[in-house]
Amino acid sequence: MNIFCFIEDSSWVPVFEHFYKLLSGTELSGLTLSKEIAMEVAKYFDKTYLLNSTYSPRIIMDAFKYILSQAKPQIALFPSTNKGRAAAGIYMGLTGLPLYTDVYSVDVEGNKFLVNRLVYGGTASATISVESDFALAVLKGSYKEKPQSRFGEIVPLDIEPDYTVQFKAREVSGNDPSSADIVVVAGRGIKKREDMKLIEELAGLTGGAWSVTRPLAADYRWADQWIGISGLTVSPKVYIAFGVSGQPHHLMGARGAKYIIAVNTDREAPIFEESDLGIVGDLYKVLPRLIDKLKEKV
Amino acid sequence: MKILVPIKLSYDINQMKYDERTGEPILDAVPMIMGDMDRCAIEAALRLKESLGGTVEFLSIGSRDTHNKMMMDAYAMGCDKGYLIEVDNYKELNAYSVAYLISKFAEKYGPYDIIILGNTSQDTHSSIVPPAVSSLLSYSSAFGIDKINVEDGEYVFEATYEDGIYVFKLRPPMVISVTTEANTPRIPTLKDILRAKRMKYDILKPSDLDVELELARVNISSIKRFATPRRGEMIEVDSDEDVEKAVDRIVELLKEAEII
């Protein structure tokens, strides 16, 4: 199996390695959009195509057209992220191959692959039977596989960079829900912006990060990122939610957590169906007391 | 300016129901709706028409029986003309077939200056049909747009991705997809809804679009409720003592997870 990947950054290398083994890959190639990333990852790929440009759909389309004119990968892998899905869709349009997103595992059955993907807001898993050739946009999971060293050739693509697109990188703050062991999450049960201090304080005391649900970020502008299908997907050891009801689109970003703790006044809130520990009660009583208790211990 | 908005009838995933015993979804009991992002796509198209002039057409793939209400919803919002491509068992079509039908439609009924779609559907949330349409038509494109501005014939689109904010500047013809951040869709008045009921939409078959290839379908072997096993321990908090008990259990769990 000749497998091609769209490498958004080096954190995807173990993920692609995992699927490469599952799919019995024999040759691994990839596309990166920066020299730094190409240098970092090249040794884990037989061939790393490099197009040094800011991301844009135009750049991706040009790169894929060139790569497909050179080689016909049997399987293409993409990150199930915003850019990864767009790239995957462009690839599907160019090749006509079946493509499935939100893929978390693949089983091999004879000469068929059974692709397991999340659907219906992550509340269900669908198993889809495919044969070669196809494309998958895979979820990050937490694969620790050490990638195999490979041939490591870098192939620069002679394609004009996209100078029309502007990119402003997210400010790197100390608060990074994607890598934290515990993520403290505020939902609409938090009544005032000032009360976010309590959420941030608990995150600080536990050495973790904080985040919010979409309405708090998109409607109230209390944060510039949120957890959920259109935002971040996190997989901390502990996800602790205050005033979060647990809509499917939010929970899809949180299910990777080892433990889910939820505090909510509404005992019918859907989040309790997916919690290890559910507290039916007023977060304004529980949260300050929890903060005091942890302070006593320090 | 000629704008096309392809829309999808999706399961309302906020009302998913599962068979307790088998874990299989009871899809007949789940209402089907126009997705939130599809509504935002129509709204974005209507606003462009209102400021720049033109027409807004919409397109869906499915059957008259199931899609009629959604088609009326699109008219009630203010769209000028609707089309429905009738396909048997439309729910099984794979994403490529959907993108292919849309692109064939756009070639035959266009050219369209802008094709606007919702970034993700409500139920399968793949976000892959808009980019596939763009590559099938070789149009400029930008996806997951939160903000739209038009400056001297140039369209400026802002999108927030995992690593930061991207600003794309494009000129028609183009394919774009919008998120729910892009706008707040208008709510039709009773008058709009009554007016929409008198509107008709054109019905076509894939063969009317010279689609000869067999439309590929998704070969699903099973769909089951996806749930990570959880402990499901519950504590009801009424008194101050309950608060203590709840806080103690949280602290114990934090210790077990080696957080503290």
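Residues numbered from 1 in each chain as written. Chains lettered and ligands numbered in written order. Predicted model: local features only at pLDDT ≥ 70, side-chain atom pairs only at ≥ 80, totals over all residues. Heavy atoms only, no water.

Participant: Break down helix H1 (residues 13–22) of chain A for me, with residues and values.
Facilitator: Residue and element names in this part refer to chain A. Buried residues dominate H1, accounting for 8 of its 10 residues. Residues Val13, Pro14, Val15, Phe16, Glu17, His18, Phe19 and Tyr20 constitute the buried set of H1. The elements touched by buried residues of H1 are strand E1 (2–6), strand E2 (27–32), helix H2 (35–41), strand E4 (75–79), strand E5 (99–109) and strand E8 (134–138). At the C-terminal side of H1, Ser24 shows a positive phi close to 55 degrees. (Buried < 20%, exposed > 50% of the residue type's maximum accessible area, 1.4 Å probe, protein only. Helix = DSSP H or I, 4+ residues; strand = E, 2+ residues; numbered from the N terminus. Contact = heavy atoms within 4.5 Å.)

Participant: Can you explain the environment of Leu33 of chain A? Please cite residues and give values.
Facilitator: Residue and element names in this part refer to chain A. Locating Leu33 in the fold gives a position in the loop between E2 and H2. Once the C-alpha coordinates of Leu33 and Leu202 are considered, the two residues, 169 residues apart in sequence, prove to be 38 Å apart. Among all residues touching Leu33, those that are not within four sequence positions of it are Phe6, Leu50, Leu51, Asn52, Ser53, Tyr55, Ile59 and Ile60.

Participant: Quick one: what's the story with the confidence of the model for chain B, residue by residue and with numbers?
Facilitator: Averaged over all residues, the pLDDT of chain B equals 95, while 100% of them reach at least 70. Predicted as a complex, the structure gets a pTM of 0.89 and an ipTM equal to 0.92. (pLDDT = per-residue confidence, 0-100.)

Participant: How would you sum up the packing of helix H3 (residues 95–109) of chain B against helix H4 (residues 129–137) of chain B? Please name residues and give values.
Facilitator: For any two helices packed against each other, the geometry comes down to the angle between their axes and how far apart the axes lie. All names here are of chain B. For the pair H3 and H4, interaxial distance at closest approach is 9 Å and the crossing angle is 45 degrees. Considering the angle they form, H3 stands oblique to H4. For the crossing formed where H3 meets H4, the hand is right-handed. For the pair H3 and H4, the contacting residues are Ala95, Tyr96, Val98, Ala99, Tyr100, Ile102, Ser103, Ala106 and Glu107 in the first and Val129, Ala132, Val133, Leu136 and Leu137 in the second. Within the contact of H3 with H4, the residues separate by chemical class into 12 nonpolar, 1 polar and 1 charged. (Axes fitted to C-alpha atoms, helices over the stretch in contact; angles between N-to-C directions. Parallel < 35°, antiparallel > 145°, perpendicular 65-115°, else oblique. Left-handed = near helix turned anticlockwise from the far one by under 90°. Nonpolar A, V, L, I, M, F, W, Y, C, P; charged D, E, K, R; others polar.)

Participant: Outline helix H3 (residues 57–70) of chain A, listing residues and values.
Facilitator: Count 3.6 residues to each turn of an α-helix, and residues three or four apart come out pointing the same way. The terminal C-alpha atoms of H3 of chain A lie 20 Å apart, and with 14 residues this matches the ideal 20 Å at 1.5 Å per residue to within 8%. Along H3 of chain A, the residues classified as buried are Pro57, Ile59, Ile60, Met61, Ala63, Phe64, Ile67 and Leu68 of chain A. (Expected span 1.5 Å × (residues − 1).)

Participant: Can you explain the interface of chain A and chain B? Please cite residues and give values.
Facilitator: Counting residues at the interface gives 84 residues for chain A, matched by 73 residues for chain B. When the two sides are added together, the surface that chain A and chain B hide from each other amounts to roughly 6900 Å², 59% of it contributed by carbon and sulfur. Linking chain A with chain B are 8 salt bridges. Among the salt bridges present, the one from Asp248 of chain B reaches Lys293 of chain A, with a minimum N-O distance of 2.8 Å. Applying the counting rule to chain A against chain B returns 42 residue pairs in polar contact (both at pLDDT 80 or more). Considering each element in turn, the side of chain A that touches chain B owes the most residues, 9 residues, to helix H4 (residues 82–95) of chain A. Here the residues of the side of chain A that touches chain B are counted per class, giving 41 nonpolar, 23 polar and 20 charged. The sheet contact formed by strand E10 (residues 166–169) of chain A and strand E9 (residues 164–170) of chain B spans 4 bridges and is antiparallel. Of the residues in E9 of chain B, the one forming a bridge with Ala169 of chain A is Gly164 of chain B. (Buried area = accessible area lost by both parts, 1.4 Å probe. Salt bridge = Lys/Arg side-chain N within 4 Å of Asp/Glu carboxyl O. Polar contact = N/O pair within 3.5 Å; in protein donor to acceptor, adjacent residues only side chain to side chain. Pairing = 2+ DSSP bridges.)

Participant: Residue-level account of the pairing of strand E4 (residues 55–62) of chain B, with values.
Facilitator: Residues and elements named next belong to chain B. Among the 8 residues of E4, 7 are classified as buried, and the element is accordingly described as predominantly covered. Both strand E1 (residues 2–6) and E4 contribute to a ladder of 5 bridges, which runs parallel. Following the sheet pairing, Leu4 is matched in E4 by Glu57. Where E4 and strand E5 (residues 81–86) come together, 6 bridges link them in parallel fashion. Bridged to Ile61 within E5 is Ile85. After leaving E4, the chain enters helix H2 (residues 64–77) and then returns to the sheet as E5, a path that is right-handed. (Right-handed = clockwise from strand over helix to strand, strands pointing away.)

Participant: Quick rundown of the sheet that holds strand E13 (residues 238–242) of chain A? Include the residues and the values.
Facilitator: The strand order across the open sheet formed by 6 strands is E12(A)-E11(A)-E13(A)-E14(A)-E15(A)-E13(B), and the pairing between neighbours is parallel. Of all the strands in the sheet, the pair left with one neighbour each is strand E12 (209–212) of chain A together with strand E13 (233–236) of chain B. Going from strand to strand, the sheet's axes swing by 15 degrees on average, the running direction of each strand aside. The pairing of E13 of chain A with strand E14 (residues 259–264) of chain A spans 5 bridges and is classified as parallel. Each residue of the ladder has a partner; that of Phe242 of chain A, found in E14 of chain A, is Val263 of chain A.

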